[in-house]
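Residue strings, one per chain:
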Amino acid sequence: ELVEKQKVQARAPALPKNLILVYLESVGVNLASQPRWPGLMPTLEVLLQEHGWADHLWASSYITIEGLTNSMCGTLFPYVRGSDSMAEGGGLADNLAFLGDVVGAAGYQQVYMGGAGMGFAGKGEFLEAHGYNDIRGLEYWASQGLHQRPDTWGVSDPDLFEQSLDALRRLHAENEPFNLTLLTIGTHLPGYRYDECVPYVHSDDRFLQALHCTDQLLGRWIGQLRAQNLLEDTLLVITSDHHVFPSPDMRALFDDAVYDRRLPLIVIGEDVPPPLSAIGAGYDLAPTVLDLLGIEHNASFLLGRSLLQPSSRPDYYVTRYPD
């Protein structure tokens, strides 16, 4: 009984809220407070304390493209290879309604910005097929004269955040509702630290340095959004594509905390209502965000449900992890 994306009908409220949706690469709730690594991500810790919207948002993904598709479409897809492309998925997602399809039907402009190439894992094709009309990845940045820095992968997060400020100023000036989606790259393994960041003093480990750097960049960026009034009439949602991989290297850094699969769900905005359920999964993101925006629609989701709505669903979640 799912509504095909071509038949989705949606309507924004009379005073629509813009959406800024941020996916932090490989960042779980467990990284915000690590006794072994004090002060690792203090910005994230404060954001969770002041704007953490759900107690538990269980990861419904293992890799980045899976985190995007599952959270935006409210279901799980059968990824059978490490970075399986949506282009190789047998058309499973072609007609399903994703977050971008509903937001687009409600009249929003939609921009995606990321530092990696858009051909990787089929991200560009997936986003274009589901409502994003302005897609900016490594190829776009290169055409604008912005290239990856030495010893890094893709366009660096400081550059990405700076470009997003330019885009947000333009979008606000156009006076139409918009959805700007960002995916950071600095905490992708093995981790990248940038010159704009103060080094982490408690360890030389590369991934810890990357986490500490991303935390600084995120805090600085939110401060700039506030200082430039770019959060007016806007909902800022910060989550993650997936948590830290439970690899030997990560277990050496974080012990059993690598098995904590909770993702952040940080919501910043005016008059944000509390959830009716504080426990959800990554695939609940799309219906929840649509309710937070006040968008009326006829879309439905296979597994996802809005955490703003009453539900008799038990507090369990479906995962492709073997346990």
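Note that the coordinates shown come from a computational prediction; the quantities given were computed from them, not determined experimentally. (Residues numbered from 1 in each chain as written. Predicted model: local features only at pLDDT ≥ 70, side-chain atom pairs only at ≥ 80, totals over all residues. Heavy atoms only, no water.)

S.K.: What exactly am I supposed to notice about the overall build of the protein here?
M.R.: Across its full length, the protein carries nine helices and 10 strands. By the compact-globule yardstick of 20 Å for 323 residues, the protein fits well, its C-alpha radius of gyration being 18 Å. Taking the principal axes of the C-alpha coordinates as reference, the protein spans close to 50 × 45 × 40 Å. When burial is assessed residue by residue, the protein has 54% of its 323 residues classed as buried. Taking the intrachain contacts of the protein between residues at least 6 apart in sequence as the baseline, contacts between residues at least 24 apart amount to 72%. If you average the places of the 21 positive and of the 41 negative side-chain charges in the protein, the two averages end up 1 Å apart. (Helix = DSSP H or I, 4+ residues; strand = E, 2+ residues; numbered from the N terminus. Rg over C-alpha atoms; globule rule 2.2 N^0.38 Å. Buried < 20%, exposed > 50% of the residue type's maximum accessible area, 1.4 Å probe, protein only. Contact = heavy atoms within 4.5 Å. Lys, Arg positive; Asp, Glu negative; His and termini not counted. Charge placed at Lys NZ, Arg CZ, Asp CG, Glu CD.)

S.K.: Before we go on, may I ask you to explain helix H9 (residues 285–293) in this structure?
M.R.: Given 3.6 residues to a turn, an α-helix orients residues that are three or four positions apart in the same direction. Counting buried residues in H9 gives eight out of nine residues, a clear majority hidden from the surface. For H9, the full list of buried residues reads Leu285, Ala286, Pro287, Thr288, Val289, Leu290, Leu292 and Leu293. Just downstream of H9 lies glycine 294, where phi reads positive at about 75°.

S.K.: Teacher, can you tell me more about the state of the cysteines here?
M.R.: A covalent bond between the sulfur atoms of two cysteines is what we call a disulfide. If you walk through the whole model with that rule in mind, you get one disulfide. Between the sulfur atoms of cysteine 197 and its disulfide partner cysteine 213 the distance amounts to 2.0 Å. Handedness of the cysteine 197-cysteine 213 disulfide follows from its S-S torsion of about 60°: it is right-handed. Remark: cysteine 213 occurs in helix H7 (residues 206–227) and cysteine 197 occurs in the loop between strand E6 (178–183) and H7; sequence separation between them is 16 residues. Here cysteine 197 and cysteine 213 have matching classes, each one buried. (Disulfide = S-S within 2.5 Å.)

S.K.: I tried to follow the sheet that holds strand E4 (residues 109–114) on my own but got confused; where do I start?
M.R.: By definition, the strands of a sheet pair up through backbone hydrogen bonds, in either a parallel or an antiparallel sense. With mixed pairing, six strands are arranged side by side in an open sheet as E5-E4-E6-E2-E7-E8. Each having just a single partner strand, strand E5 (134–136) and strand E8 (266–268) make up the two edges of the open sheet. Averaged over all pairs of adjacent strands, the angle between their axes in this sheet comes to 10°, without regard to strand direction. Looking at chain direction, E4 and E5 are connected through three bridges and run parallel. When the sheet's bridge partners are listed, valine 111 is paired in E5 with aspartate 134. Relative to the sheet, helix H6 (residues 157–174) contacts strand E2 (18–24), E4, E5, E6 and strand E7 (234–240), its axis offset from that of E4 by approximately 170°. (Pairing = 2+ DSSP bridges. Axes fitted to C-alpha atoms, helices over the stretch in contact; angles between N-to-C directions.)

S.K.: Hey, could you run me through the environment of glutamine 224 in this one?
M.R.: Relative to the helices and strands, glutamine 224 is located in helix H7. Along the sequence, glutamine 224 and leucine 165 sit 59 residues apart, while their C-alpha atoms lie 8.2 Å from each other. The residues touching glutamine 224, leaving out its near neighbours within four places in the chain, are Glu162 and Leu165.

S.K.: Could you clarify how one ought to interpret the pattern of salt bridges in this entry?
M.R.: A side chain of one charge can pair with a side chain of the opposite charge if their charged atoms are brought near each other. Using the criterion set out here, one finds nine salt bridges in the structure. Its salt-bridge partner being arginine 11, residue glutamate 296 comes within 2.7 Å of it at the nearest N-O pair. Here glutamate 296 is found in strand E10 (residues 296–297), whereas its partner arginine 11 is found in strand E1 (residues 10–11), with 285 residues between them in sequence. Taking the shortest distance from any N to any O, the salt bridge between arginine 170 and aspartate 134 comes out at 3.8 Å. Taken together, the residues span a long stretch of sequence, with arginine 170 in helix H6 and aspartate 134 in strand E5 at a distance of 36 residues. Residue class for arginine 170 comes out partly exposed when judged on its relative accessible area of 30%. (Salt bridge = Lys/Arg side-chain N within 4 Å of Asp/Glu carboxyl O.)

S.K.: Looking at this structure, I do not really get the packing of aromatic side chains. What am I missing?
M.R.: Per the counting criterion, the structure on display carries six aromatic pairs. Judged by centre distance (5.5 Å) and plane angle (5°), the ring pair of tryptophan 58 and tyrosine 317 falls under stacked. Within this pair, whereas tryptophan 58 is found in strand E3 (residues 56–58), its partner tyrosine 317 is found in the segment after E10, the two being separated by 259 residues in sequence. Since its relative accessible area comes to 21%, tyrosine 317 is described here as partly exposed. Centre to centre, the rings of phenylalanine 77 and phenylalanine 98 are 6.2 Å apart; their planes meet at 15°, and the pair counts as stacked. Here phenylalanine 98 lies in the loop between helix H2 (64–73) and helix H3 (99–105) and phenylalanine 77 lies in the loop between H2 and H3, a separation of 21 residues in the sequence. Look at phenylalanine 77 and you get buried, because its relative accessible area is 8%. You can call phenylalanine 98 buried: its relative accessible area is 0%. Aromatic ring contacts, followed pair by pair, group Phe77, Phe98 and Phe126 into a single cluster. (Phe/Tyr/Trp six-rings, centres within 6.5 Å; stacked < 30°, edge-to-face > 60°.)

S.K.: Would you explain unusual backbone geometry in this entry?
M.R.: Residues leucine 189 and proline 190 are joined by a peptide bond in cis, for which omega reads 10°. As for its placement among the helices and strands, proline 190 is situated in the loop between E6 and H7. One non-glycine residue, asparagine 229, adopts positive backbone phi at about 60°. Within the secondary structure, asparagine 229 sits in the loop between H7 and E7. The class of asparagine 229 is partly exposed, set by a relative accessible area of 45%. Look at aspartate 271: it is not a glycine, yet its phi comes out positive at around 55°. Tracing the backbone shows aspartate 271 in the loop between E8 and strand E9 (279–281).

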